[in-house]
Amino acid sequence: MIDLFSGLDAWVLVSLLLALTFVLAFEFINGFHDTANAVATVIYTKAMPPHLAVFFSGVFNFLGVLLGGVGVAYAIVHLLPVELLINVNTGHGLAMVFSLLAAAITWNLGTWYFGIPASSSHTLIGSILGVGLANALINDIPLADGVNWQKAIDIAMSLVVSPMAGFAVAALVLIGLKWWRPLSKMHKTPDQRRKLDDKKHPPFWNRMVLVVSAMGVSFVHGSNDGQKGIGLIMLVLIGIVPAKFVLDLNSTTYQIERTRDATLHMSQFYQRNAATLGEFLALGKAKSNDLPEQFSCNPQQTEPTIAALQSSLQGVTDYHSLDTDKRVEVRRYLLCLDDTAKKVGKLPGLDAREKADLEKLRKDLTATTEYAPFWVIVAVALALGLGTMVGWKRVVLTVGEKIGKQGMTYAQGMSAQITAACAIGMANVFALPVSTTHVLSSGVAGTMVANKSGLQGGTVKTILLAWVLTLPASMGLAAGLFWLASKAIG
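Residues numbered from 1 in each chain as written. Predicted model: local features only at pLDDT ≥ 70, side-chain atom pairs only at ≥ 80, totals over all residues. Heavy atoms only, no water.

In the annotation of an unreviewed UniProt entry, the entry for the protein reads Phosphate transporter, and the organism field reads Pseudomonas putida. One UniProt comment on the protein, placed under Sequence similarities (unreviewed entry), says "Belongs to the inorganic phosphate transporter (PiT) (TC 2.A.20) family. Pit subfamily." Checking UniProt for the protein, the heading Catalytic activity (unreviewed entry) contains the comment "phosphate(in) + H(+)(in) = phosphate(out) + H(+)(out)". (UniProt positions renumbered as here; feature names shortened; annotations may be inferred.)

Below is the structure:
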């Protein structure tokens with residue numbers, strides 16, 4: 001990590017430290033903003049004392065970040081169009097990073113202050129989209145190219161479908177529990193348990209399930225939301241100090257050979273499917289010197305890009321041997337080939353087996369660009385874990401008492417938590433960012449309906465309003481800040 005600071009101008013160093021502080025602040029805020037949802041039911045039902053619940057939730061959030069991988073991280077990064085990612089310079093990198101972070105932190109703090117379970121995921125994604133669209137307007141780029149809309153649609157679907165699924169599945173789980181054990185004590189609220197049984201805590205097995213499922217939600221939250229922070233830091237590092245982070249400088253010789261082989265196999269793949277892809281890729285027509293000085297991604301430049309990449313990596317066994325410009329160049333080639341391969345994979349005419357082969361080649365191709373240094377993962381894990389341990393009270397009260405017209409029963413808490421843990425875990429498998437806030441609060445609302453408790457209209461309207469407003473508000477904030485920052489740096 002010490003190498004990170006060597007050879008940097010003072011203003012770049014200060015900017016870098018400030019940007020990293022902003023990202024870690026966002027993750028810290030995310031910890032006490034979102035993770036309150038993970039411990040809300042276990043604290044409200046008195047299955048665990050608050051201090052123990054938030055401590056162990058912080059630990060499991062930390063472990064979730066450490067073990068979660070980087071799939072969701074790069075799903076967030078690739079919301080920005082590949083043109084912006086490959087042509088970013090230090091000034092625009094700073095403007096981009098500070099704009100989206102300032103917008104995300106402002107909205108997160110505001111909703112937390114008012115105790116509204118708004119989504120940090122929506123906030124972050126809205127901020128990134130705002131920067132992408134503002135960049136398109138400033139540089140006269142068509143809005144259709146300002147954002148990676150296919151990735152945005154995929155993420156939007158996961159954000160919309162996951163709370164709906166949480167509502168329905170949690171309701172069904174509760175109905176199943178009521179059918180299985182209609183007279184069980186798990187259908188009591190904490191107040192009823194205290195008044196009727198003179199007991200403070202839930203029955204033993206209910207308590208165990210509540211504790212285990214809460215820690216499960218904490219773990220998958222850390223995995224999903226922690227990766228968003230990792231993605232943000234990689235945007236910071238690539239935008240501000242590209243020479244050191246455009247490629248994984250710790251890549252082994254085998255990993256570099258794997259990348260080089262992937263380009264060769266990709267060329268063979270395109271030739272094998274020339275009848276289907278020839279026109280789209282201009283196979284056999286483009287020349288090796290066709291790449292423009294201002295590099296841009298164009299499927300019809302695929303053959304020259306592959307040739308240029310193979311030439312750049314010829315004989316390379318260690319990325320340190322490449323100079324700064326060559327590293328940036330190699331990353332541009334890799335990102336463009338990956339972007340083209342994504343488009344090719346969606347074309348009609350390719351059979352399922354060929355598409356599967358192309359997907360494997362894409363993974364090999366991006367093995368040394370889609371990464372995160374270990375210190376980045378640890379820093380995000382610590383920020384999220386520590387954030388978990390403060391500021392949880394406001395949201396716990398909202399989730400436990402203000403969604404339904406009566407308090408939450410133990411069975412409702414178990415149903416909502418089990419559903420949330422499974423839903424977010426599935427999203428992690430498919431590298432899709434989802435909102436812990438919306439999945440869990442929707443699950444609680446589903447159990448209230450299934451329990452015929454009714455919903456508190458005011459709270460539900462507030463949550464829905466935050467859900468609807470978060471995306472446009474964060475987009476507008478980030479776009480405005482990026483416009484101002486771009487004007488300031490000229």
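Novice: What should I look at first to understand the overall build of the protein in this one?
Specialist: Secondary structure summary: the protein contains 20 helices and 0 strands in total. Taking all 490 residues of the protein together, 54% fall into the buried category. Considering only intrachain contacts with a sequence separation of at least 6, the fraction spanning at least 24 residues in the protein is 83%. Roughly 20,800 Å² of accessible area belongs to the protein as shown, and the carbon and sulfur atoms make up 64% of that amount. (Helix = DSSP H or I, 4+ residues; strand = E, 2+ residues; numbered from the N terminus. Buried < 20%, exposed > 50% of the residue type's maximum accessible area, 1.4 Å probe, protein only. Contact = heavy atoms within 4.5 Å. Areas by Shrake-Rupley, 256 points an atom, 1.4 Å probe, with all protein chains shown as cover.)

Novice: Would you take a moment to explain the pattern of salt bridges for this structure?
Specialist: If charged atoms from side chains of opposite charge come close, those side chains can pair. Overall, the coordinates contain 10 salt bridges when judged by the stated rule. Linking D225 and K228 is a salt bridge whose minimum nitrogen-to-oxygen distance equals 2.8 Å. Here K228 and D225 lie together in helix α9 (residues 204-240), a separation of 3 residues that amounts to about one turn. Residue K228 is classed as buried on the basis of its relative accessible area, which comes to 2%. R272 is the partner of E354 in a salt bridge, and the nearest nitrogen-oxygen pair spans 3.1 Å. Of this pair, E354 sits in helix α15 (residues 352-365) while R272 sits in helix α11 (residues 253-272), and the two are 82 residues apart along the sequence. (Salt bridge = Lys/Arg side-chain N within 4 Å of Asp/Glu carboxyl O.)

Novice: What am I meant to see in the confidence of the model for the protein here?
Specialist: Low pLDDT marks regions whose predicted coordinates should not be analysed in detail. Across the protein, the average pLDDT comes to 83, with 87% of residues at 70 or higher. Considering each helix and strand of the protein separately, the mean pLDDT is smallest for helix α17 (residues 393-402), with a value of 52, and largest for α11, with 92. (pLDDT = per-residue confidence, 0-100.)

Novice: Help me out: how do you make sense of a nonpolar patch on the surface in this one?
Specialist: On the surface, a cluster of nonpolar side chains totalling about 880 Å² of accessible area is made up of F28, L52, F55, F56, V59, L63, L67, L382, L386, M389 and V390. Of all the secondary structure elements, the ones that give two or more residues to the nonpolar patch are α2 (50-67) and α16 (374-388). (Patch = residues over 30% accessible without salt bridge, like charges linked within 9 Å, V, L, I, M, F, W, Y side chains within 5 Å.)

Novice: What exactly am I supposed to notice about the side chain of T45 here?
Specialist: Mapped onto the elements, T45 comes out in the loop between α1 (10-44) and α2. With relative accessibility at 0%, the residue T45 sits in the buried group. When residues no more than four places from it in sequence are discounted, the contact partners of T45 are P190, P202, L210, T409 and Y410.

Novice: Hey, could you run me through α15 in this one?
Specialist: Every α-helix carries 3.6 residues per turn, so stepping three or four residues along brings you back to the same face. Taking 1.5 Å per residue as the helical rise, α15 with its 14 residues ought to reach 20 Å, and the 20 Å between its terminal C-alpha atoms agrees with that figure. Of the residues making up α15, those classed as buried are E354, L358, L361, R362 and L365. The arc enclosing the buried residues of α15, seen along the axis, measures out at 105°, which places them on a common side. Every exposed residue of α15 that faces more than 90 degrees away from the buried side is listed here: A352, R353, K360 and K363. Close packing links the buried residues of α15 with α11 and α14 (324-345). (Expected span 1.5 Å × (residues − 1). Arc of directions from axis to C-beta.)

Novice: Please clarify how the packing of α9 against α16 should be interpreted in this entry.
Specialist: At their nearest, the axes of α9 and α16 sit 9 Å apart, and the two run at 125° to each other. Considered as vectors, α9 and α16 are oriented oblique to each other. For the pair α9 and α16, the crossing hand works out as right-handed. Residues H221, G222, G226, G229, I230, I233 and L237 of α9 lie in contact with α16, whose contacting residues are W375, V376, I377, V380 and L384. Split into classes, the residues belonging to the contact of α9 with α16 amount to 8 nonpolar, 4 polar and no charged. (Axes fitted to C-alpha atoms, helices over the stretch in contact; angles between N-to-C directions. Parallel < 35°, antiparallel > 145°, perpendicular 65-115°, else oblique. Left-handed = near helix turned anticlockwise from the far one by under 90°. Nonpolar A, V, L, I, M, F, W, Y, C, P; charged D, E, K, R; others polar.)

Novice: Is there a simple way to explain the packing of aromatic side chains in this structure?
Specialist: A ring pair, where both rings are aromatic, is described by two values, the distance of the centres and the angle of the planes. Throughout the structure, instances matching the rule amount to 4 aromatic pairs. With centroids separated by 5.3 Å and ring planes inclined at 75°, the aromatic side chains of F55 and F56 adopt a geometry described as edge-to-face. Over the face of the ring belonging to W180 we find R181, whose NZ or CZ atom lies 5.4 Å from the ring centre. (Phe/Tyr/Trp six-rings, centres within 6.5 Å; stacked < 30°, edge-to-face > 60°. Lys NZ or Arg CZ within 6 Å of the ring centre and 35° of its normal.)

Novice: Just to check I follow, could you spell out unusual backbone geometry for this structure?
Specialist: Leave glycine aside and you will find that most residues have negative phi; peptide bonds, for their part, are mostly trans. Phi at K46 takes a positive value of approximately 60°, unusual for a residue other than glycine. The partly exposed category is assigned to K46, whose relative accessible area is 31%. Unusually for a residue other than glycine, D198 sits at a positive phi of about 55°. Of note, D198 is situated in the loop between α8 (190-197) and α9.

Novice: Looking at this model, I keep getting lost on the packing of helix α6 (residues 120-138) against α9. Mind explaining?
Specialist: Between two packed helices, what matters for the description is the angle formed by their axes and the separation of those axes. Viewed as axis vectors pointing N to C, α6 and α9 meet at an angle of 25°, and their least axial separation amounts to 11 Å. Regarding the angle of α6 to α9, the classification is roughly parallel. α6 and α9 meet at a crossing whose hand is left-handed. Here α6 contributes S120, S121 and L124 to the contact with α9, which in turn contributes D225, K228 and L232.

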